[in-house]
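What follows is each chain in one-letter form.
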Amino acid sequence: MNKFTRVGFILTAAGSAVGLGNIWKFPYVTGEYGGGAFVIVYLLAILFIGLVVFLAEAVIGQNAQANVATSFVQTSKSKNEKWKFAGIIIFSGLIILSFYSVVLGWILNYVFTSFSSLPSDAKTAGEAFETLISKDIALQLFYHTLIAGSVIFIVLKGIKNGIEKVNLILMPLLGLILFGLLLYSFTLDSFSTALKFMFTPDFSKINEDALLAALGQAFFTLSLGVGTIMTYSASLDKNANFVKSSIMVAIIDTTIAIIAGLIIFSFLFEAGAKSADGPGLVFISLPVIFSGWGILGQVIAISFFLALVFAGITSAVSMIEPSLMYFVERFNMTRKKATILCGGVFYGLGIIALLSMSTKYGADLTFFGKNAFDLMDFITSSIMMPIAAIVTCLFLGYFVDKQLLEEKFLKHTSKNLFNIWYVLVKYIVPFVILLLLLNKLGILK
């Protein structure tokens, strides 16, 4: 198996974590829940939930040096083959990738649109976006194919020459673009307003929904519950400091989310726009703002949407790798055959997802009151990923030799920190995630 370098692992795992959730979702959710107080709750959730589960996945993967299914079996006390069924968590990555590829296609479309003409008012911008997702099937299919083809090409190259190499290129480029946009936002009068908005807490804005949103954002932004971190950690050297690497990934991921928030809120406040424009912020509000800035606005728009594409691609390649490794190791497939199989699955599901939002096919592709796109999103984010994290925590807490975990951690950290992590992973985090899951499903409401 090809091994990651330590820097390669950090950038690749960070690339997996840093995606549309940081640059698209984090700012609009922060805006919806009033800024500073939400940021504090989010940071606490990253520290006490996200990082705990991240370390849990990392220790399993690095210990077993195998695919997710085999990793559960090899790490368990009993080495019971029944633990291979826990490996089902990897397939949520393929489902997510199917509609993620469609969204990345929309963003790629906006990269090219930014070169020619941006909508000058919210009504035009809203209509353009609505037309794209509900009527322009051919254009969506073209961009979905382009994104899917890029992902398949990268993973075909393997861990070292494909995934690590693309992250070594795209992650610094992403950082450079965001740094440039941040420098520009410094020059705006609205930057101080954005700073105040994001770091002055108003806890009156925090309610049950805000707490759940912060927990969900912290959990999902780190690519947890899909087997990615476990799979990447399996390609990390046995003696590498997985604790330090995990902390570095969490810091990079959180820093980029904060920077993206500062940039976007500076742009919004400069134009007198609302901070709580919801999911349409990136596709409707920002293009209108960029349009008002002339040529400079076009340059900023191209840079911003390219940053989103780079962040999305590094996340996308991470979602397919757990399934690939599973088929290669458990079924002795070649990497090429496994890539074609997994690529075909997510590409086909992506076509169903994009068709389900169209006016022509939407009614035929609606199930349980949700179109296929929304249903895939709901099943993965609200059910499969939380259950995977709960299973991972309970597995380490009750079915793995504590001494094994202690040995792994004490190479890189103190006994006190290990004990805190162990209590969190065994008792507290699975309970909190279960509450989050039950609330999302409406069982506790």
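For the structure, see preceding data.
Residues numbered from 1 in each chain as written. Predicted model: local features only at pLDDT ≥ 70, side-chain atom pairs only at ≥ 80, totals over all residues. Heavy atoms only, no water.

Turning to the pattern of salt bridges, a few remarks are in order. The final tally for this structure, using the stated rule, is four salt bridges. Here Lys123 ties to Glu127 by a salt bridge, and the two come within 2.9 Å at their closest N and O atoms. Of this pair, Lys123 and Glu127 both sit in helix α6 (residues 122-134), four residues apart, which is roughly one turn of the helix. On the basis of relative accessible area, Lys123 is assigned to the exposed category, the value being 60%. Take Glu127: its relative accessible area is 41%, and that puts it in the partly exposed class. Residues Arg335 and Glu321 are paired through a salt bridge, measuring 2.6 Å at the closest nitrogen-oxygen approach. Note that Arg335 is positioned in helix α15 (residues 335-356) and Glu321 in helix α14 (residues 294-330), a separation of 14 residues in sequence. Take Arg335: its relative accessible area is 23%, and that puts it in the partly exposed class. Overall, the relative accessible area of 1% leaves Glu321 in the buried class. (Salt bridge = Lys/Arg side-chain N within 4 Å of Asp/Glu carboxyl O. Helix = DSSP H or I, 4+ residues; strand = E, 2+ residues; numbered from the N terminus. Buried < 20%, exposed > 50% of the residue type's maximum accessible area, 1.4 Å probe, protein only.)

Okay, the side chain of Thr380 next. Here Thr380 is to be found in helix α16 (residues 372-398). Discounting chain neighbours no more than four positions away, the residues touching Thr380 are Ser92, Ile95, Ile96, Phe99, Met385 and Pro386. (Contact = heavy atoms within 4.5 Å.)

Its place among the elements puts Asn67 in the loop between α3 (36-64) and α4 (68-75). On the basis of relative accessible area, Asn67 is assigned to the buried category, the value being 0%. Within polar-contact distance, the side chain of Asn67 engages the backbone nitrogen of Ala69 at 3.1 Å. For Asn67, the contacting residues outside a window of four places in its chain are Met325, Tyr326, Glu329 and Arg330. (Polar contact = N/O pair within 3.5 Å; in protein donor to acceptor, adjacent residues only side chain to side chain.)

Glancing now at the packing of aromatic side chains. The final tally for this structure, using the stated rule, is 37 aromatic pairs. Note on Phe99 and Phe373: the rings are 5.4 Å apart at their centroids and 55 degrees apart in plane angle, and the pair reads as tilted. With Phe99 in helix α5 (residues 91-116) and Phe373 in helix α16, this residue pair connects regions lying 274 residues apart in the sequence. Grouping aromatic residues by their ring pairs yields a cluster made of Phe99, Trp106, Tyr110, Phe129, Tyr184, Phe267, Phe283, Phe290, Trp293, Phe304, Phe305 and Phe373. (Phe/Tyr/Trp six-rings, centres within 6.5 Å; stacked < 30°, edge-to-face > 60°.)

A few words on a nonpolar patch on the surface. A surface patch of nonpolar side chains, amounting to about 550 Å² of accessible area, comprises Leu394, Tyr398, Phe399, Val423, Tyr427 and Ile428. Looking at the nonpolar patch element by element, the count peaks at three residues for helix α18 (residues 415-440). In this structure, Tyr398 sits in helix α16. (Patch = residues over 30% accessible without salt bridge, like charges linked within 9 Å, V, L, I, M, F, W, Y side chains within 5 Å. Areas by Shrake-Rupley, 256 points an atom, 1.4 Å probe, with all protein chains shown as cover.)

For Val282, the position within the fold is in the loop between α12 (242-270) and α13 (285-291). Once the C-alpha coordinates of Val282 and Pro27 are considered, the two residues, 255 residues apart in sequence, prove to be 9.7 Å apart. Excluding residues within four positions of it along the chain, Val282 makes contact with Trp24, Pro287, Phe304, Phe305 and Leu308.

Nonpolar side chains in soluble globular proteins tend to be buried together. With 157 residues, the main nonpolar core has Trp106, Leu174, Leu286, Phe304 and Trp421 as its most contacted residues. Ranked by residues supplied to this core, first place goes to α14 with 17 residues. Sequence-distant contacts of Leu286, that is, excluding residues within four places in its chain, are made with Ile264, Phe267, Leu268, Leu281 and Phe304. (Core = buried A, V, L, I, M, F, W, Y, C linked by side-chain atoms within 4.5 Å.)

Scope: geometric values only; no functional claims are made or implied.
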